[in-house]
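Residues per chain are reported as follows:
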Amino acid sequence: MTKTRVAVNGYGVIGKRVADAVLLQPDMVLVGIADVATDWRIKAAVGRFEVYAATDEADAAMRAAGVPVTGTLDDLLAQVDVVVDTTPKHVAADNLARYQTAEVKAVFQGGESHETTGHSFVAQANYESALGRAMTRVVSCNTTSIVRVLGALQDAGLLARARGVLIRRATDPWESHLGGIMNTMVPEPKIPSHQGPDTNTVRPELDVVTIAAKGAHTQTHNHYWTLQLTRTATREEVIDALRAAPRIAFIRMADGLVALNSTIELMKDLGRPRGDMWEVAVWEDLVTVVGDEAYLTYQVYNEAIVVPETIDAIRALTESAPDAASSMKITDATLGMRQDFLLQAAIPEQGRS
Ligand SMILES: NC(=O)c1ccc[n+]([C@@H]2O[C@H](COP(=O)([O-])OP(=O)(O)OC[C@H]3O[C@@H](n4cnc5c(N)ncnc54)[C@H](O)[C@@H]3O)[C@@H](O)[C@H]2O)c1
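Rules of the game
- Residues numbered from 1 in each chain as written.
- Predicted model: local features only at pLDDT ≥ 70, side-chain atom pairs only at ≥ 80, totals over all residues.
- Heavy atoms only, no water.
- Pairing = 2+ DSSP bridges.
- Helix = DSSP H or I, 4+ residues; strand = E, 2+ residues; numbered from the N terminus.
- Contact = heavy atoms within 4.5 Å.
- Axes fitted to C-alpha atoms, helices over the stretch in contact; angles between N-to-C directions.
- Near = heavy atom within 4 Å.
- Polar contact = N/O pair within 3.5 Å; in protein donor to acceptor, adjacent residues only side chain to side chain.
- Nonpolar A, V, L, I, M, F, W, Y, C, P; charged D, E, K, R; others polar.
- Salt bridge = Lys/Arg side-chain N within 4 Å of Asp/Glu carboxyl O.
- Buried < 20%, exposed > 50% of the residue type's maximum accessible area, 1.4 Å probe, protein only.
- pLDDT = per-residue confidence, 0-100.

### Here's the deal with the sheet that holds strand β3 (residues 51–53)
1) Next: In spatial order, the strands read β4-β3-β2-β1-β5-β6-β8-β7; together these eight strands make up an open sheet with parallel pairing. Only two strands of the sheet have a single partner each, and these edge strands are β4 (71–72) and β7 (120–121).
2) Next: Where strand β5 (residues 82–85) and strand β6 (residues 105–108) come together, three bridges link them in parallel fashion. Looking at β6, one finds that Val 83 is bridged to Ala 106.
3) Next: On the sheet, helix α1 (residues 13–24) packs against β1 (4–9), β2 (28–35) and β5 and is oriented at approximately 160° with respect to β2.
4) Next: Running at roughly 130° to β3, helix α3 (residues 56–64) makes contact with β2, β3 and β4 of the sheet.

### A closer look at the site of the ligand
1) Next: Near the ligand you find 23 residues, and of these Val 13, Ile 14, Asp 35, Asp 172 and Asn 302 are the closest.
2) Next: Residue Gly 111 places a main-chain N or O atom 3.0 Å away from an oxygen atom belonging to the ligand.
3) Next: The side chain of Arg 169 places a nitrogen or oxygen atom 3.4 Å from an oxygen atom of the ligand.
4) Next: In terms of residue class, the shell around the ligand is built from 10 nonpolar, eight polar and five charged.

### Quick notes on the pattern of salt bridges
1) Next: If you walk through the whole model with that rule in mind, you get 27 salt bridges.
2) Next: Two residues, Arg 163 and Asp 207, come together in a salt bridge whose shortest N-O distance is 3.0 Å. Here the residue Arg 163 occupies a position in strand β9 (residues 159–168), and Asp 207 occupies one in the loop between α9 (195–199) and β11 (208–214), the gap between them amounting to 44 residues.
3) Next: For Asp 207, a relative accessible area of 33% corresponds to the partly exposed category.
4) Next: Each of Asp 27, Arg 148, Arg 247, Glu 309, Asp 312, Arg 315 and Asp 332 takes part in one network of salt bridges that share partners.

### Points about the confidence of the model for the protein
1) Next: Considering every residue of the protein, the mean pLDDT works out to 96; 97% of them sit at 70 or more.
2) Next: In the predicted structure, residues 345–353 sits below a pLDDT of 50 and forms 17 contacts with residues beyond four places in sequence or in another chain.

Written out as structure tokens, the structure reads:
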């Protein structure tokens, strides 16, 4: 098997998780990572990965800080088929020309605009439309969760319209000392918030409106949805549609998982790397259906949810898996994703049907 040669540019919250996930893929090789950091964040990668300097200034600074630099980003690009750009918002778009010159396919992240790549990606929704493309953008953590959950209900013929409220985390844990929100809530200054329109870059036919606010906590987002169904339905029908869809896992208040912190603790107890949760965690016992309306609540682990999508995006661009199901089967099995965190074992090797 010819393995896909991958680079990760930007070894931060998302990049370091993508790098670890690439290592687990039987059909991929991680050639190296690039960054501009000179401190513990990049020093922790030394010895695990070949480290490249993303800019000339960074090259000098990294060497001066004692980081053994293998070469420049251009040296790295010359050796790979695909680069995953996980640099901060808007830095990535400036890298595009560099990737095009090197004739390397590129996976961007949700901080970039849909217009930058002309394609936005969530594996289970539109993998096939990314096959062979030069680049795509894995949509943000919140948008990924919306496409997975609402998409599942729409595919089951149940969803007419969705209205949601999102309580977002204030900042990522590693940079909490740099500032954050303390003892208040900060509404996004626009209704609809951007996640609804962003969902339409992947599922244009979804009637969805979002309102969002940032809370004072640092880990995970929490969504609250009111769903207009296409018809009167039972609670079991809604739950069955969610259970049948990939990358959604149930949690239950009845199990003591009563708040965001308990799910976070559970992920650590399950031995997840960094305590990550790649699935959307839907509170099964809160799913409520009254006539033709449904209500549900779920939790999004923002630092991890886009990692499996990024792995699938690499396979789509390189056409190394022909469809979403075959790519997701490998990704989900290698990461150890689950359909239920407490009731069932990890997804077996052959994946879901
Ligand atoms: N943090 C999240 O929860 C989250 C979730 C989903 C998507 N995203 C998206 O993922 C992308 C990356 O976000 P993040 O949170 O991982 O950022 P981050 O700040 O944690 O990491 C970015 C990394 O890029 C490095 N960097 C900065 N400038 C660079 C340059 N010119 N060249 C190479 N490396 C450079 C930084 O040193 C850092 O290590 C953004 O588009 C973001 O919107 C973030």
